[in-house]
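Inside the fold
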Amino acid sequence: MSYDLVVKGGTVVTAADTFVADVAVSKGKVAAVGQVAAGDAKVVDARGQIVIPGGIDVHTHFDMPFMGATTADDFTTGSTAAVFGGTTSVIDFAIQKKGEALRQAFDTWREKAEGKSAVDYAFHMIVTDLPEKQVKEMDKMVDEGVSSFKLFMAYPGIFMSDDATIFRALSRTKENGGMICMHAENGGVIDVLVQKALAEGKIEPKYHALTRPMSAEAEATRRAIALAEMAGVPIYFVHLSAGDAMDEVRRARERGQPVFAETCPQYLYLSYDDYERPGFEGAKFVMSPPLRPKGNEERLWKGLVRNDLQVVSTDHCSFCMKVKGGKAGKELGKKDFSKIPNGAPGVETRMLLLWDAVSKGKITQNRFVEITSTTPAKLFGLYPRKGHLSPGADADIVMIDPRKKHTFELKNLHANVDYNPYEGKTVDGEITNVFVRGQHMVEGSKLLGRTSHGHFLRRPPRSFN
Ligand SMILES: [Zn+2]
């Protein structure tokens, strides 16, 4: 057997096992894991390093118009940040405009990504409008490989769906094998709280958090779980932030209901205190749901260990603080917190932040792989092509040197944004090499592959009930 590439002598970590082995690659696929003769293959020495399946971030927003601004990152810069951060596949969101056919939204987003992504990519479809006559369009999307749909219980007038629409969409996934991803916050209540705060002259960034209480998330989570139960289908919660919302997920799972949830590094590492930073700096952390009070993060860490939470994604949705290249930024909300574009960068920092948690003993290395790669692949139809290192899988391989340390600094990050939420933070571990389908994309600080290397990933309907 001759190979194109052998990653030699590293400690291979999967969701299940840890062992020293070579990983041999042929034609972009893993050909063998074990002791192999490299022959004339390119050899990358991985001794002393951790070798894992590439990270899968199932929640990114590249090239997205939102709240009067457009995200700072398009597919080129966003996917470059992803690959340097050890993420080799992303699932981004195509957005249906009200009145638009789902197909049209899919075409728009494929065009945004085609030939412009360093990593492989797939789409969820954000549904904003679903009258009865349009419900069958969901089936066509599933046929096209877009087998998950995101709905919002927040952002009235922009994205929010009423319970009837949510129930209609959930019920249809019983027929077509799609999965509903839910942004669970009670948008109606939040709107009232926001208007009240503004009327009282409360305009600073911290009021973004103070008008979006934990109970607004917990209530919506509980309601969506009930709707999914009535429809008899699984449901997946995006960016779960509140311990109280997690308890709803845990209780549903204990009853045997197929309920899944992701959280994000910002909810594990940052807190409400960041909104109290001086001046307008708190705007950097304005995202929905908001950062929660200190102490909440410990509940989420426990939930990750106990599998109450199954995935860590990023919700990468970057907006610059200042106007840049004609693109409006967070400053839109300088005099009104409700006008600050919601979102923050995260795709490049996720893997090392979580590896640091391994190093600090919060999670095991196998759990790290499970929540950043294997379970995301399983839940969204990418497994076993992605999310695992075994013969036949795509050779998406990341090497981490656990003996090194890494400091996040704006100048060595790759997102097209003028700040980073973790600026100056030092973590254990450094990403040394990244391969996407066998292509050596990253070596240290060098990008070796093209930013057009990524392929569209057509995903099958879900295989579980
Ligand atoms: Zn999002």
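For the structure, check the block above.
Read on for a plain summary of the structure. (Residues numbered from 1 in each chain as written. Predicted model: local features only at pLDDT ≥ 70, side-chain atom pairs only at ≥ 80, totals over all residues. Heavy atoms only, no water.)

The next thing to look at is the sheet that holds strand β10 (residues 120–126). Across the sheet, which stays open at both edges, the eight strands sit in the order β6-β9-β10-β11-β12-β13-β14-β15 with parallel pairing between neighbours. Both outer strands of the open sheet, β6 (55–60) and β15 (311–312), are each paired with one neighbouring strand and no more. Here four bridges tie β6 to strand β9 (residues 87–95), and the two strands are oriented parallel to one another. Looking at the pairing, T60 lines up with D92 of β9. (Pairing = 2+ DSSP bridges. Helix = DSSP H or I, 4+ residues; strand = E, 2+ residues; numbered from the N terminus.)

Glancing now at the nonpolar core. Counting residues in hydrophobic clusters, the biggest one holds 122 residues, and the most contacted among them are M125, M182, F237 and F368. By residue number, the principal contributor to this core is helix α7 (residues 214–231), which donates eight residues. Sequence-distant contacts of M182, that is, excluding residues within four places in its chain, are made with L151, F152, M153, I166, A224, I235, Y236, F237 and V238. With 16 residues, the next largest nonpolar core counts V58, I91, V238 and L379 among its residues. (Core = buried A, V, L, I, M, F, W, Y, C linked by side-chain atoms within 4.5 Å. Buried < 20%, exposed > 50% of the residue type's maximum accessible area, 1.4 Å probe, protein only. Contact = heavy atoms within 4.5 Å.)

Attention now moves to the coordination of the zinc ion. Distances from the zinc ion to its protein donors, namely H59 (NE2), H61 (NE2) and D315 (OD), fall within the range 2.1 to 2.3 Å. Between consecutive donors of the zinc ion, the numbers of intervening residues give the motif H-x1-H-x253-D. In this pair, H61 sits in the loop between β6 and β7 (65–66) while D315 sits in the loop between β15 and α11 (350–359), placing the two residues 254 residues apart along the sequence. D315 matches H61 in its accessibility class, with the two residues each being buried. (Donors = N, O, S within 2.8 Å, 3.2 Å for Na, K, Ca; no water.)

With that settled, consider the pairing of β10. The element β10 is largely enclosed, with a buried count of seven among its seven residues. Side chains D120, A122, H124 and I126 of β10 all project onto a buried face; the interleaved residues Y121, F123 and M125 project onto the opposite face, where all are buried too. Pairing geometry for β9 and β10, over seven bridges, is parallel. Its bridge partner lying in β10, V90 is registered against Y121. Crossover connection from β9 via helix α2 (residues 102–113) to parallel β10: handedness right-handed. Relative to strand β11 (residues 148–152), β10 runs parallel, the two sharing two bridges. Within β11, the residue paired with M125 across the bridge is F149. Handedness of the β-α-β unit built from β10, helix α3 (residues 137–143) and β11 comes out right-handed. (Right-handed = clockwise from strand over helix to strand, strands pointing away.)

The next thing to look at is the pattern of salt bridges. In this structure the tally under the stated criterion is 41 salt bridges. K8 serves as the salt-bridge partner of D22, at 2.9 Å between the closest nitrogen and oxygen. Residue D22 is located in strand β2 (residues 18–26), and its partner K8 is located in strand β1 (residues 5–13); the two are separated by 14 residues in the primary sequence. Among the residues examined, D22 registers a relative accessible area of 6% and is labelled buried. (Salt bridge = Lys/Arg side-chain N within 4 Å of Asp/Glu carboxyl O.)

A word on unusual backbone geometry. The residue after S288, namely P289, is reached through a cis peptide bond having omega -5 degrees. In this structure, P289 sits in the loop between α9 (265–269) and α10 (296–306). The omega torsion of the bond from Y383 to P384 falls at 5 degrees, within 30 degrees of zero and hence cis. Position of P384 relative to the elements: it lies in the loop between α12 (365–379) and β16 (397–407). Backbone geometry places K27, a non-glycine residue, at a positive phi of 50 degrees.

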